[in-house]
Amino acid sequence: MTPKERMAIPCQEMPEQDAVVRARNMKEVALGFTAEQAKIEASRCMQCPTKPCMTGCPVAINIPGFLAKAAEGDFDGALKIIKETSLLPAVCGRVCPQEKQCQKFCTMGKLMKNVDKAVAIGRVERYCADHGDAGEVVCAPKTGKRVAIVGSGPAGITCAADCAKAGHDVTLFEAFHKAGGVLVYGIPEFRLPKSIVQKEIDGLKKLGVKVETNYCVGRTRKVSDFLEKDGFDAVFVGTGAGLPKFMGLPGENLVGVFSANEYLTRANLMKAYLEGEAETPFWHGKKVAVLGGGNVAMDASRMALRLGAEKVYLIYRRSLEEMPARKEEVHHAKAEGVEFLMLQNAKEIHGDESGKVCGMTCLKYELGEPDASGRRSPVAIPGSEFELDVDTVVVAVGNASNPLIPATTEGLEVNKRGNIVVDEHNMTSIPGVFAGGDIVLGAATVILAMGEGRRAAAGITEYLKTK
Amino acid sequence: MNKIVAKEQLSENVFRMEVEAPLIAAERKAGQFVIVMIDEDKGERIPLTIADASKERGTITLIFQTVGASTLKMSHLEVGDSIAAILGPLGQPTHIMGRDGGKPGKVVCVGGGIGVAPMHPIAQALKAAGNDVTIIMGARNKGLFVMEKEMREIAGDKLILITDDGSSGRKGLVTEPLKELCEAGAVDEVIAIGPPIMMKFCALTTKPYGVKTTVSLNTIMIDGTGMCGGCRITVGDETKFVCVDGPEFDGHKVDWDQMLKRMAIFKPQEAAAKEHACNLYK
Ligand SMILES: Cc1cc2nc3c(=O)[nH]c(=O)nc-3n(C[C@H](O)[C@H](O)[C@H](O)COP(=O)(O)OP(=O)(O)OC[C@H]3O[C@@H](n4cnc5c(N)ncnc54)[C@H](O)[C@@H]3O)c2cc1C
Ligand code: FES
């Protein structure tokens, strides 16, 4: 096929639940391609010899390679190629910000002068992961070395799988009662079905990984105990960025103000959406303001709708363009009825005599000069205060790293933000202790966490050879 | 899974359970707590203070009152059954005067209702560190006292019992003997554990005397590891997470009114859930 012919192949639309219907249910929003659609979409790839898309992928998946297989309808073959470098394609196909990664560099998108017309790499990846079979994984012969993995998010899952494949005896420790990290407590069912995460955890168990939930490392046992008393040869710390940031607003501790972590954990992990069945209560606000502009803010606002809110405002201090959330989630949130209040921010939250939220004063902003990050920084417009009638406020302005492990691990070097410092093999300042994911990067992405878990596993295997 | 090895009913709504949890038993210090789940699928996560532990037996002791659906379900578990999940030990251990810094001195421990249970290991440690320990135990009526014998072993004749209705010990509120002790002088520290309203009034009572007053808070929690902020309160001008910064705080600095309101946030849902659970056992 000539490039012209390929350009004539229509972009495939992802089937999804109707916006009005889905805004009130928990089922997955995007339904996934049909086999035919996956083949057609994959055949839009021009197989550029320079493979620009790969440079956009944090783990450098051989994208043209797997798309070629998918175009032939060989989804098993495609999945095998993906799995050479990515462990969690069913997850990443759903949650990666593709428009900022692979698809940003796609030649098709460039030719069509629209990144939305790039090959839908993520969606084809998702199809391959959901329907392909990459075959049995074979583990290397047992090395007799024992590795402890702390935290069961994407970084921990990946590091555990790779260590098990390398023949080490692996135990995964998780503080919560369910493994999966943000994938189970944060990202909602309607975006990432929990059965997909469970499949990955079951896969780990098949590789021989022991999973110990309800185990808070630093409290139940310290990292040093693992190495000195419990016979582990190496430890990987992938504890994520689980420390909710608040804004320091007056009224932030009123009843009805939640961190997005709390709001989403109640709804997802604790299943508060199963009303009458789940024991964890949920705050059913009618008029909800969500503060923030990332994926977390999108998830919280869409969750609010699903749990019965009549009005949901998403309040962000910059403009739509600077918003860090995945484009698809922004589209979905808007279609479902979330009202976007851009260039605005909360100034003060008001409470009634029972201490419950009864309103909020906001300020309008304009964009000023670009700041150190290159983004134009928002500047408050004096005298622009206005009142917003809300009964619930969800603060989704980001997460810092949880200090528990650094505070209980002597000699573990952290930077001024509290993130663990690692070398190019993801080893920390303590020999034999590795770290990766959000605890190293600060709140980042699933794919980066996965990449770090991989690199650390390779580092661990190298390190254990020297022992 | 944590197997129940002993169970005893201490009063109408209060139970003592000894459960297997060897790692927690080995690590825990007075003042720390655990998060318990009775059902890992749809259950809730509830914080309970560790009342006692035995390294030898690898067990911890929990004393709880059937205040909600989960504690009610827990009270129906028997020896040989298991508690689905126990996470811990969580929180900062109690600072014991004389052991963790400072000279031993005169300490007054105030335990209200079931608050006597978490007070027990603290009073024990205080005594062991050479402090002069007075214990005030308060309850609505005689039938609601727990662990009187154990507390008497620690405080001897410095155990003051007080009930709302006078059915045992003095008639009145714990703040009355507390005030008298402060008045008499030479109290170095007060530790108060019990219903929030009792702790609030203990702190108000000691404030004019400038006596350091430590309280142990039991706010709503989910994870217990500092990741949700649901347990946050205002102490002085700062926001603190009870699960990691506490559970003990300076009672004179806690914003009690805000905390009481935050603790009532799910009252209607909790009442409904408890009623539902009650019906299951009828
Ligand atoms: C609501 C939400 C939506 C998101 N959406 C997206 C998205 O669409 N796309 C994307 O790419 N990224 C998204 N992210 C970011 C992404 O989820 C994270 O970057 C990623 O999960 C980080 O992985 P991790 O393995 O480092 O940590 P986590 O996933 O945070 O996992 C850490 C695990 O460690 C456990 N843990 C912590 N401390 C201890 C301890 N002391 N002992 C034992 N266990 C411990 C935690 O309970 C947790 O399970 C989102 C994040 C959130 C919160
Ligand atoms: S219980 Fe979640 S932060 Fe304390």
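Residues numbered from 1 in each chain as written. Chains lettered and ligands numbered in written order. Predicted model: local features only at pLDDT ≥ 70, side-chain atom pairs only at ≥ 80, totals over all residues. Heavy atoms only, no water.

1. Some words on the sheet that holds strand 16 (residues 248-250) of chain B
In a beta sheet, neighbouring strands are held together by backbone hydrogen bonds and run either parallel or antiparallel to one another. Residue and element names in this part refer to chain B. Put simply, the rule is: Here, a strand pair is defined by DSSP locating no fewer than two bridges between the strands. Helix and strand definitions follow DSSP, with helices as H or I runs of at least four residues and strands as E runs of at least two, each counted in order from the N terminus.
The strand order across the open sheet formed by 7 strands is 11-10-9-8-12-13-16, and the pairing between neighbours is mixed. The open sheet terminates on both sides in strands that have one partner only, identified here as strand 11 (170-171) and strand 16. Two elements, strand 10 (residues 159-163) and strand 11, share 2 bridges in a ladder whose sense is parallel. Following the sheet pairing, T163 is matched in strand 11 by K171.

2. As for the side chain of S301 of chain A
All names here are of chain A. Quick reminder of the rule: Think of it in three bands: with a 1.4 Å probe and only protein chains considered, a residue is buried below 20% of the maximum accessible area for its type, exposed above 50%, and partly exposed in between. Any N or O atom pair separated by 3.5 Å or less is treated as a polar contact, with the protein-specific requirement of one donor-capable and one acceptor-capable atom, and with residues adjacent in sequence counted only for side-chain atom pairs.
Mapped onto the fold, S301 is located in helix 15 (residues 295-306). For S301, a relative accessible area of 0% corresponds to the buried category. From its side chain, S301 meets the backbone oxygen of M298 in a polar contact 3.0 Å long.

3. Concerning unusual backbone geometry
Residue P89 of chain B is reached from G88 of chain B by a cis peptide bond, and omega for that bond is -5°. Within the secondary structure, P89 of chain B sits in strand 7 (residues 85-90). Each neighbour pair has its own omega, and for G246 of chain B with P247 of chain B the value is 15°, a cis peptide bond. Considering the arrangement of structural elements, one finds P247 of chain B in the loop between helix 7 (242-245) and strand 16. Even without glycine at this site, Q47 of chain A takes up a positive phi of about 55°. Assignment of secondary structure puts Q47 of chain A in the loop between helix 3 (35-43) and helix 4 (52-56). Despite not being glycine, K271 of chain A shows a phi value in the positive range, around 60°. Here K271 of chain A shows up in the loop between helix 14 (260-267) and strand 7 (287-291). Owing to a relative accessible area of 15%, K271 of chain A belongs among the buried residues under this scheme.

4. Thoughts on a nonpolar patch on the surface
Selection rule: Patch membership needs two things, relative accessible area over 30% and no salt bridge, and members are linked within 9 Å if like-charged or within 5 Å if nonpolar (Val, Leu, Ile, Met, Phe, Trp, Tyr). Residue-level accessible areas treat just the shown protein chains as cover; the underlying method is Shrake-Rupley with a 1.4 Å probe. Whenever Lys or Arg places a side-chain nitrogen within 4 Å of a carboxyl oxygen from Asp or Glu, that contact is recorded as a salt bridge.
Where nonpolar side chains cluster on the molecular surface, the patch consists of I197, F201 and L204 of chain B and spans about 280 Å² of accessible area. For L204 of chain B, the location among the structural elements is in helix 6 (residues 196-206).

5. Section: the pattern of salt bridges
Residues and elements named next belong to chain A. Enumeration over the complete set of coordinates arrives at 45 salt bridges over all chains. Of the charged contacts, one joins E385 and K347 as a salt bridge, the two residues approaching to 3.0 Å between their closest N and O atoms. Here K347 lies in strand 10 (residues 344-351) and E385 lies in the loop between strand 12 (376-380) and strand 13 (386-388), a separation of 38 residues in the sequence. You can call E385 partly exposed: its relative accessible area is 37%. Judged by its relative accessible area of 37%, K347 is partly exposed.

6. Some details on the site of ligand 1
All names here are of chain A. For the record, the criterion: Distances are taken per atom, and a residue is near a molecule or strand as soon as one of its heavy atoms is within 4 Å of it.
Surrounding ligand 1, one finds 35 residues, the nearest of these being V95, E174, R191, V217 and D438. With respect to ligand 1, the backbone of A175 contributes an N or O atom lying 3.1 Å from a nitrogen atom. Between ligand 1 and the protein, one listed contact pairs an oxygen atom with a backbone N or O atom of V446 at 3.0 Å. Taking 1000 Å² as the accessible area of ligand 1 by itself, protein coverage stands at 95%. With 3 residues, helix 15 is the largest single contributor of residues to the shell around ligand 1.

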